[in-house]
Amino acid sequence: MNVQTEPKRSKEELIEKLTQPDLITGSEILLRSLLLEGVDCVFGYPGGAVLYIYDAMHGFDDFNHLLTRHEQGAIHAADGYARSTGKVGVCIATSGPGATNLVTGIATAYMDSVPLVVITGNVATNFIGTDAFQEADITGITMPITKHSYLVRDVNDLPRIIHEAFHIANSGRKGPVLIDIPKDVSAHKTIFKPVTDVSIRGYNPTVQPNKLQVDKLIKAIEEAERPVIIAGGGVVYSDASKELIEFVNKTRIPVATTLLGLSGFPSAHELWLGMPGMHGTYTANTAIQNADLLISIGSRFDDRVTMNLNGFAPKVKVIAHIDVDPAEIGKNVKTDIPCVGDVKAVLAYANTKARPAKNEAWIAELQDNKVKFPLKYGDTETELKPQFVVEMISETTNGEAIITTDVGQHQMWAAQFYRFKNPRSLVTSGGLGTMGFGFPSAIGAQMGNPDKLVVSINGDGGVQMCAQELAICAINNIPVKVVIINNQVLGMVRQWQEIIYENRYSHIDLAGSPDFVKLAEAYGVKGLRATTKEEARRAWQEALDTPGPVVIDFVVPKGENVFPMVKAGDTISDMLMGDSE
Amino acid sequence: MTTTKHTVSVLVNNQPGVLQRVSGLFGRRGFNIESITVGESEELGLSRMVIVTTGDDNTLEQISKQLYKLIDVIKVVDLSANPMVARELALIKVNAEPIMRPEILGIVETFRAAVVDIGPASIIVQVVGDSDKIDAMVELLRPYGIRELSRTGATAMIRGSVR
Ligand SMILES: Cc1ncc(C[n+]2csc(CCOP(=O)(O)OP(=O)(O)O)c2C)c(N)n1
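Values in this document were obtained by computation on a predicted structure and should not be read as measured data. (Residues numbered from 1 in each chain as written. Chains lettered and ligands numbered in written order. Predicted model: local features only at pLDDT ≥ 70, side-chain atom pairs only at ≥ 80, totals over all residues. Heavy atoms only, no water.)

Participant: Break down the overall build of chain A for me, citing the residues and quoting the values.
Facilitator: Per the secondary structure count, chain A includes 23 helices and 20 strands. In terms of overall size, chain A behaves like a compact globule, its C-alpha atoms giving a radius of gyration of 24 Å where 581 residues would be expected to give roughly 25 Å. Projected onto its principal axes, the C-alpha positions of chain A cover 70 × 60 × 45 Å. Looking at chain A as a whole, 60% of its 581 residues qualify as buried. (Helix = DSSP H or I, 4+ residues; strand = E, 2+ residues; numbered from the N terminus. Rg over C-alpha atoms; globule rule 2.2 N^0.38 Å. Buried < 20%, exposed > 50% of the residue type's maximum accessible area, 1.4 Å probe, protein only.)

See the structure below:
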């Protein structure tokens, strides 16, 4: 199988075949239902409880199934697929240990509102509750980290449950939905009746906004002198990037984008301020601290953004909050103008009314800050700096690549120094901050975007948490470029230990890491290394010229820190500026 | 903001695990549960939970909004925002040597409670009322020696035709 697999049948043929009322097993119902939901790729790992399902997949080629080397790889891949395409990501695991291996990935998706349908097997219905071999109460374990979950007890419920699961996962505030299927249910036969409509009493996410509230927002904009937008992941997830740009062009309100919002607004826009928060730009943080009107759009006032709430936006007179999830409004910050609704719909309506704010002096002040306090680092010709690597990737890909990151310093440098152009071009674990996410999520992103360049930026620590997935890149020729920013330490932890724990470097040394070039080669993947700028340019070009997967080990000095930095407990006015101070 | 007691009624789909979802949400988000009762509702397939909780207005708003996020939750009503009737039932097994019984029965009578079991040295008293009444009853019986106490927690409804 190859990434570029063409569908074997036309869509009509497929639907005709799939919707026949045949007597089939739960497993076949599952596969047919997945196809009817438009699934073209699933990531999974077999085991006793899902063997009927895998048996049904034998010789089945209507969608791709990628056999990862760890269930964690499968769910992060499904997550990367979902974030980069906007479609629902699907993964399959067996019961017990297979299911519990998914937990980190489910929590990751839940925190960042990523639509996933997670299918787990369970022991047969009559064994449930008996501590049977490989039994785990996975619906119970994952209750706090799923949007919803199902334990299927009757094969006749399967078509409805699967259809509902896709609907719930990808509507309103998106999120992972788990379907736990006992082994006997996957074996039982019934007449297949596809379900195409969905009605779940009590579940009706608000899409269209209350117009009076949006009108209030428009009025507040007219009265504001120092308005600022904080745009978050909701902009990306509701495909509202265009509407946001139009809104900004009409109102001329400057925009700070959170980590998850980064790709939702072009970095090149004159009114872009950068990322706010702990490692945000001076300009974005200062703008928020001086704003009189703050408009959060699809962003939830996460503490990595607001830092100490007691000193957050002290001069603000009005806070407006646009969010599809009413529970986010007022959760962390008192809101004056709540606009519940799908971000795209809210902005589309707002755009019919929006007029420029009277804030030219304010814009001039912020532009001035952008020039005076840019993101910088101590670049030299002799050393290879991590920020240089990101800048190089940004320039050579012209902002057109899909970037996935792991978690740590490299993640923040990618956020700071990559110039994003297109929505869904950044895939990163924001809410949970999951190490091990970066590389497998790139596999999913590549499966969902076979024609795009996918670059995964990792630390030498986190890449070792899911490096085994190199195998599936090799076997399936998935052309992900795996960048390792190798500083030989757990860099972000080192930074905290240096700044907050007085240089007491406790257990951060990654001595004993493999030779990453050899590791790649052991899996049959090309491996390259660079220790100077010159080598870096050459290796990166070689990677770009290589049609298949490549691992590039960029060896950088340890000790480089991410700035600006706001220490936990401080307000976003208290930025440490580091080298650029 | 002031913290007050609230009685929240939650209409839910009668699915396995729904009680765990609701109580788990309270625990996870640090909301307080003073009591929780569940039973069938007027509609087949739906159950009603009545939860007594404490919190300020913001907390109460979050409780309601977070509950609505659960797919199985259909309706959330803060009963205490309206005139309501709340009732709790308690069974109290109290020491009652024959010579003490007239005194105890006197208390039972005044509270319009009932004796539902008599043993050689104890009786079981059943009392229905709002939580304050039950507290008072318990306090009065305490001097005789309470052997066992079991309370149901409140169930409640809005009076008359409000809503
Ligand atoms: C699964 C997991 N474990 C621990 C952490 C805590 N943590 C955050 S950043 C970090 C260091 C990451 O080091 P590395 O992968 O080398 O990246 P760098 O910071 O050096 O770029 C750690 C341990 C985490 N985020 N996720």
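Participant: Break down the pattern of salt bridges for me, with residues and values.
Facilitator: Counted by the stated rule, this structure contains 39 salt bridges over all chains. Linking Asp112 of chain A and Arg83 of chain A is a salt bridge whose minimum nitrogen-to-oxygen distance equals 2.9 Å. Of this pair, Asp112 of chain A sits in the loop between helix 6 (103-111) and strand 5 (116-122) while Arg83 of chain A sits in helix 4 (residues 71-85), placing them 29 residues apart in sequence. According to the relative accessible area criterion, Asp112 of chain A is buried, its value standing at 1%. In this structure, Arg151 of chain B and Asp135 of chain B form a salt bridge, with 2.8 Å as the shortest nitrogen-oxygen distance. Here Arg151 of chain B, found in strand 8 (residues 146-151), pairs with Asp135 of chain B, found in helix 4 (residues 131-141); they are 16 residues apart in sequence, far enough to count as distant. (Salt bridge = Lys/Arg side-chain N within 4 Å of Asp/Glu carboxyl O.)

Participant: How would you explain unusual backbone geometry if you had to name every residue and give the values?
Facilitator: Leaving glycine out, the prevailing phi sign among residues is negative, and the prevailing peptide bond configuration is trans. Residues and elements named next belong to chain A. In this structure, Pro564 follows Phe563 across a cis peptide bond, with omega equal to -5 degrees. Here the phi dihedral of Asp239 falls at roughly 55 degrees; this positive angle occurs in a residue that is not glycine. As for its placement among the helices and strands, Asp239 is situated in the loop between helix 11 (233-237) and helix 12 (241-251). When its relative accessible area of 43% is taken as the criterion, Asp239 is described as partly exposed. Of note, the phi angle at Arg252 is positive, near 60 degrees, even though the residue is not glycine.

Participant: Tell me about the interface of chain A and chain B, and please be specific about residues and values.
Facilitator: Contact residues are listed per partner, giving 20 residues for chain A and 18 residues for chain B. Buried area between chain A and chain B, summed over both chains or domains, comes out near 1,500 Å², and the portion from carbon and sulfur atoms is 50%. Taken together, chain A and chain B are joined by 2 salt bridges. Counting the contacts that link chain A with chain B gives 6 residue pairs in polar contact (both at pLDDT 80 or more). (Contact = heavy atoms within 4.5 Å. Buried area = accessible area lost by both parts, 1.4 Å probe. Polar contact = N/O pair within 3.5 Å; in protein donor to acceptor, adjacent residues only side chain to side chain.)

Participant: Tell me about the sheet that holds strand 7 (residues 176-182) of chain A, and please be specific about residues and values.
Facilitator: Residue and element names in this part refer to chain A. The 6 strands are arranged 3-2-4-5-7-6 in an open sheet whose pairing can be described as parallel. Here the strands that pair on one side only, and so sit at the sheet edges, are strand 3 (64-67) and strand 6 (148-151). Across the sheet, the axes of successive neighbouring strands diverge by a mean angle of 20 degrees, strand direction being ignored. Strand direction decides the pairing type here: strand 2 (residues 41-44) and strand 3, joined by 4 bridges, are parallel. In the sheet register, Phe43 faces strand 3, and the bridge partner there is Leu66. (Pairing = 2+ DSSP bridges. Axes fitted to C-alpha atoms, helices over the stretch in contact; angles between N-to-C directions.)

Participant: Provide a residue-level description of the packing of helix 3 (residues 101-110) of chain B against helix 4 of chain B, including the pertinent values.
Facilitator: Residues and elements named next belong to chain B. Running from amino to carboxyl end, helix 3 crosses helix 4 at an angle of 170 degrees, the nearest separation of the two axes being 11 Å. Here helix 3 is positioned roughly antiparallel relative to helix 4, judged by the angle of their axes. Across the interface between the two elements, Ile104, Ile107 and Val108 of helix 3 pack against Met137, Leu140 and Leu141 of helix 4. By residue class, the composition of the contact of helix 3 with helix 4 is 6 nonpolar, no polar and no charged. (Parallel < 35°, antiparallel > 145°, perpendicular 65-115°, else oblique. Nonpolar A, V, L, I, M, F, W, Y, C, P; charged D, E, K, R; others polar.)

Participant: Account for the site of the ligand, with residues named and values stated.
Facilitator: Residues and elements named next belong to chain A. Near the ligand you find 17 residues, and of these Gln409, His410, Gly433, Gly462 and Gly491 are the closest. Note that an oxygen atom of the ligand is positioned 3.0 Å from one of the side-chain N or O atoms of Asn487. A distance of 2.9 Å is found between an oxygen atom of the ligand and a backbone nitrogen or oxygen belonging to Met492. When the ligand is considered free in solution it has 580 Å² of accessible area, and contact with the protein chains removes 76% of it. (Near = heavy atom within 4 Å. Areas by Shrake-Rupley, 256 points an atom, 1.4 Å probe, with all protein chains shown as cover.)

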